Amino acid sequence: MGLWLSEEQLLYKDEVQKMISDKVKPRAAEIDKTGEFPWDVKELFAEFGLFRLVVQPEYGGRDGLLLTLCVAIEEVARVCGASSMILGNQSLGASPLVLWANEEQQKKYLPKIASGEFLASFGLTESDAGSDVAAVKTRAVPDGNSYVINGSKIFITHGDIADVLVVFAKVEVDGKDKMTAFIVDQGTPGLSTGKLEKKMGLKGSSTAEIILDQVRVPADNIVGKIGDGFRIALDCLDKGRIMVGAMATGLAQGALDTALDYTGSAVYYGTPLAKSQDVQFNLADMETFIQASRSLTHAAAFKYDQKEDGYIRFSAMSKLFATDMVMDIANKAVDLLGDDGCSSDYPAERMMRDAKIFAIFEGTNQIQKLVIARDLLGK
Ligand SMILES: Cc1cc2nc3c(=O)[nH]c(=O)nc-3n(C[C@H](O)[C@H](O)[C@H](O)COP(=O)(O)OP(=O)(O)OC[C@H]3O[C@@H](n4cnc5c(N)ncnc54)[C@H](O)[C@@H]3O)c2cc1C
């Protein structure tokens, strides 16, 4: 289990597991039921220092390792998918700043993101630009020493509540469109929230339409240079996909925990359910696939941290494998609980609804297959 983890990471995993089990697990069903963003859980994460995992040490971060973040996020997702989105999205939202921002921008935002004072969001997707990132229509036009942004983004995690967003827009230079990343502070005139999605799962994590109507930002808010936006987006997604692999692995572990609890105590025809060989075969399959997923995800995070060749392929493979696997495991858990599997009195049905979404965001699994195949074929 600790193949890729240091002694310190293994100890940290236990610490996080205890805190999450004591404080977040008892809240999970309620968060799903109300569908409200759990501000208490966000405060808990801030107090425990979990947001420090998304930022480099010079700005208040812990160790700057993606693998440590994956270990923590797995433990959160194990009990509450929506709460895992708080940490996961903080990382995705911060990534353009962590990976590409200049010193001044990093000094301004990263300490606040690390402390949890600020929530961050990543604004890329539009109604006609999901998988096809290049189809973004949001535009930024220079005006003096600032840019005026117009357009809209959809399905932006925590876009309604984030203190800072990085928004991707096109800037025309010499007749050519250049994708560019802009920092937009919440409260900037012209920035507003449109539709809030009602989702099948991950209900406590808000998913918002963001409207940009004549939003003026200083030219200093450009991350990287004009035209770097496409590479920034891909860099952030290559990192984020490994984290989604960890979330899916954690959620699958939670579904197995639920199945083990239930089959260990339920008695059918006078015999504990777990004594049935068919049940045992299911549990064995679940454990095997979860361990395989964990190994692949940790390998991807380790390679990312070491900047080893091939980490992009491993990133896509970990997301592809883990997010398909979690659906199967959640489905098995619901089956093993029988009618109780369909009841909100047990966590299996919530986990099944939460599980599906992982295969869609940060690039669908079809897109992951394209990334893997292109890498294999050397394109
Ligand atoms: C809960 C949730 C949270 C999200 N959070 C964010 C966020 O914070 N920020 C953000 O920017 N976005 C976010 N998204 C958007 C998400 O990243 C997109 O939904 C995703 O990239 C897919 O885009 P799409 O939905 O437009 O699907 P499409 O691109 O329209 O794809 C539709 C189908 O076509 C397939 N397809 C598309 N192109 C190809 C191809 N070339 N080859 C084979 N198959 C293909 C897809 O796999 C899919 O099955 C979120 C989405 C969800 C559901």
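Rules and cut-offs
- In this convention, every chain numbers its residues from 1, walking through the sequence in written order.
- Given that the model is predicted, a residue must reach a pLDDT of at least 70 before its local features are reported, and side-chain atom pairs must reach 80 or more before they are shown or counted; all residues, however, enter totals for whole chains, interfaces and linings.
- Side-chain figures throughout are based on the complete set of non-hydrogen atoms in the structure, without hydrogens or water.
- A run of H or I in DSSP becomes a helix once it reaches four residues, and a run of E becomes a strand once it reaches two; helices and strands are each numbered from the N terminus.
- For the radius of gyration, the atoms used are the C-alpha atoms, and the globule rule reads 2.2 Å times the number of residues raised to 0.38.
- Exposure classes here rest on a 1.4 Å probe applied to the protein chains alone. A residue is buried below 20% of its type maximum, exposed above 50%, and partly exposed in between.
- The contact criterion used is simple: two residues touch if any of their non-hydrogen atoms lie within 4.5 Å.
- With residues, only the protein chains shown are counted as cover, and all accessible areas are computed by Shrake-Rupley using a 1.4 Å probe.
- Positive: Lys, Arg. Negative: Asp, Glu. His and the chain ends are not part of the count.
- In this description, the location of a charge corresponds to atom NZ of lysine, CZ of arginine, CG of aspartate or CD of glutamate.
- Being near a molecule or strand, for a residue, comes down to having at least one heavy atom within 4 Å of it.
- Any N or O atom pair separated by 3.5 Å or less is treated as a polar contact, with the protein-specific requirement of one donor-capable and one acceptor-capable atom, and with residues adjacent in sequence counted only for side-chain atom pairs.
- Residues are sorted three ways: Asp, Glu, Lys and Arg are charged, Ala, Val, Leu, Ile, Met, Phe, Trp, Tyr, Cys and Pro are nonpolar, and all the rest, Gly among them, are polar.
- Where each domain starts and ends comes from a domain assignment, either automatic or drawn from a database.
- Put simply, buried area is the surface a 1.4 Å probe can reach on two separate parts but cannot reach once they are joined, added for both.
- Think of a salt bridge as a Lys or Arg side-chain nitrogen and an Asp or Glu carboxyl oxygen that are within 4 Å of each other.

Draft legend 1. Region of the structure containing the overall build of the chain. The helix and strand inventory of the chain stands at 11 helices and 10 strands. By the compact-globule yardstick of 21 Å for 379 residues, the chain fits well, its C-alpha radius of gyration being 21 Å. Taken along the three principal axes of its C-alpha coordinates, the chain extends 80 × 45 × 40 Å. Looking at the chain as a whole, 54% of its 379 residues are labelled buried. The long-range fraction of contacts in the chain, counting pairs at least 24 apart against all pairs at least 6 apart in sequence, stands at 75%. Summed over its atoms, the accessible surface of the chain is roughly 16300 Å², and 53% of this surface lies on carbon and sulfur atoms. Counting 41 positive and 53 negative side-chain charges, the chain places the averaged centre of each group 3 Å from the other.

Draft legend 2. Structural view of the site of the ligand. What surrounds the ligand is a group of 19 residues, the closest being Thr125, Ser131, Phe155, Thr364 and Gln366. Within the side chain of Thr157, a nitrogen or oxygen atom sits 2.8 Å from a nitrogen atom of the ligand. A distance of 2.7 Å is found between an oxygen atom of the ligand and a side-chain nitrogen or oxygen belonging to Gln366. Contact with the protein chains covers 65% of the free accessible surface of the ligand, which is 970 Å². Secondary-structure elements contributing two or more residues to the shell around the ligand are β3 (146-157) and α11 (365-376). Counted by class, the shell around the ligand contains 9 nonpolar, 8 polar and 2 charged residues. If you count residues domain by domain, the shell around the ligand takes at least three from each of domain 2 (121-225) and domain 3 (231-376).

Draft legend 3. Region of interest: the domain arrangement of the chain. Looking at the assigned domains, one finds that the chain contains domain 1 (7-119), domain 2 (121-225) and domain 3 (231-376). Placing a centre on the C-alpha atoms of domain 2 and another on those of domain 3 gives a separation of 31 Å. Between domain 2 and domain 3, the contact holds 11 residues from the first and 12 residues from the second. Interface area, domain 2 with domain 3, both sides summed: about 960 Å², of which 82% is carbon and sulfur. Of all residues in domain 2, Phe122, Met200 and Leu202 give up the largest surface area on contact with domain 3, accounting jointly for 52% of the area buried on that side. For the pair domain 2 and domain 3, the number of links is 0 salt bridges.

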